Amino acid sequence: KQEVTQIPAALSVPEGENLVLNCSFTDSAIYNLQWFRQDPGKGLTSLLLIQSSQREQTSGRLNASLDKSSGRSTLYIAASQPGDSATYLCAVPPANQAGTALIFGKGTTLSVSS
Amino acid sequence: DGGITQSPKYLFRKEGQNVTLSCEQNLNHDAMYWYRQDPGQGLRLIYYSQIVNDFQKGDIAEGYSVSREKKESFPLTVTSAQKNPTAFYLCASSLTDRGLSYEQYFGPGTRLTVT
């Protein structure tokens, strides 16, 4: 059964630092991987969706990479800002399944201090 | 504006009462999902529906029920059989097509407290 792990569980950095969040999954037969942001008490906001045929996706200061063979994805945040403070979640569909519900990691809670 | 709405934002109920959480979307998405989030845990799937009048159980469906009578709406009922109903409930939707996988979009959530 597909499992998703995110390390570290929490991360604190000073403003301006570049940082990397990690996500690993146990079964590499995925159709895509999605990164989300969640602010306290709020719903999830989709940040990036990487299809299985892609190696990376970029949106502004965010860059997500996908290495299916090793079962890993990273979310790179450049020049971090206090407004980036939130919990970041990665999620994948079950192995060999498309268009279905996602399996989530427990998230990395990021705190950026000014 | 297109999006997903969930109501109410906060819900308080006494133990033993059934309660229904609303989820509506105007994104013209075929698929809709209900997840539950507990502190320190990832999101867990309760039910999902890929087409009107059809739905499938997720990992933690016991004590919950759903209906999908309209494409836009996917209400979740938390029954008295659910042993630990206090949680944050999130509804999501996406396009769906055989062999393809699309981005999921989430609503703002409903926080249910049962005492």
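Residues numbered from 1 in each chain as written. Chains lettered and ligands numbered in written order. Predicted model: local features only at pLDDT ≥ 70, side-chain atom pairs only at ≥ 80, totals over all residues. Heavy atoms only, no water.

As for the interface of chain B and chain A
Next up, step 1: The interface of chain B with chain A comprises 25 residues on the first partner and 23 residues on the second.
Next up, step 2: Buried surface at the junction of chain B and chain A, summed over both partners, amounts to about 1800 Å²; 50% is from carbon and sulfur atoms.
Next up, step 3: If you look at where chain B meets chain A, you find one salt bridge.
Next up, step 4: Residues Asp59(B) and Lys1(A) are paired through a salt bridge, measuring 3.9 Å at the closest nitrogen-oxygen approach.
Next up, step 5: At the junction of chain B and chain A, the tally comes to five residue pairs in polar contact (both at pLDDT 80 or more).
Next up, step 6: Tallied by class, residues from the side of chain B that touches chain A come to eleven nonpolar, ten polar and four charged. (Contact = heavy atoms within 4.5 Å. Buried area = accessible area lost by both parts, 1.4 Å probe. Salt bridge = Lys/Arg side-chain N within 4 Å of Asp/Glu carboxyl O. Polar contact = N/O pair within 3.5 Å; in protein donor to acceptor, adjacent residues only side chain to side chain. Nonpolar A, V, L, I, M, F, W, Y, C, P; charged D, E, K, R; others polar.)

As for the sheet that holds strand S3 (residues 19-25) of chain B
Residues and elements named next belong to chain B.
Next up, step 1: The four strands lie next to each other as S1-S3-S8-S7, forming an open sheet whose pairing is antiparallel. Unpaired on one side and paired on the other, strand S1 (4-7) and strand S7 (64-66) mark the two borders of the sheet. Ignoring which end each strand starts from, the neighbouring axes of this sheet average 20 degrees apart.
Next up, step 2: Sheet topology places S7 next to strand S8 (residues 76-78); three bridges connect them, and they run antiparallel. Across the sheet, the residue bridging to Tyr 64 is Val 78, located in S8. (Pairing = 2+ DSSP bridges. Helix = DSSP H or I, 4+ residues; strand = E, 2+ residues; numbered from the N terminus. Axes fitted to C-alpha atoms, helices over the stretch in contact; angles between N-to-C directions.)

Brief notes about unusual backbone geometry
Next up, step 1: The omega torsion across Ile7(A) and Pro8(A) is 0 degrees, close enough to zero to call that bond cis.
Next up, step 2: By the secondary structure assignment, Pro8(A) is in the loop between strand S1 (4-7) and strand S2 (10-14).
Next up, step 3: The omega torsion across Ser7(B) and Pro8(B) is -5 degrees, close enough to zero to call that bond cis.
Next up, step 4: One can find Pro8(B) in the loop between S1 and strand S2 (10-13).
Next up, step 5: In this structure, Asn53(B) takes a positive phi of about 70 degrees despite not being glycine.
Next up, step 6: Relative to the helices and strands, Asn53(B) resides in the loop between strand S5 (44-51) and strand S6 (54-57).
Next up, step 7: Judged by relative accessible area, Asn53(B) falls into the exposed class, the value being 63%. (Buried < 20%, exposed > 50% of the residue type's maximum accessible area, 1.4 Å probe, protein only.)

Here we look at the pattern of salt bridges
All names here are of chain B.
Next up, step 1: One pass over the structure, following the stated rule, counts six salt bridges over all chains.
Next up, step 2: A salt bridge links Arg 44 to Asp 38, with the nearest nitrogen and oxygen atoms 2.8 Å apart.
Next up, step 3: Assessed through its relative accessible area of 28%, Arg 44 is described here as partly exposed.

Digging into the state of the cysteines
Disulfides are covalent bonds that connect the sulfur atoms of two cysteines.
All names here are of chain A.
Next up, step 1: For the structure on display, the rule yields two disulfides over all chains.
Next up, step 2: Sulfur-sulfur distance for the disulfide between Cys 23 and Cys 90 comes to 1.9 Å. Disulfide Cys 23 to Cys 90: torsion about the S-S bond roughly 75 degrees, handedness right-handed. Highlighted residues: Cys 23 in strand S3 (residues 19-25) and Cys 90 in strand S9 (residues 86-92), separated in sequence by 67 residues.
Next up, step 3: The class of Cys 23 is buried, set by a relative accessible area of 3%. (Disulfide = S-S within 2.5 Å.)

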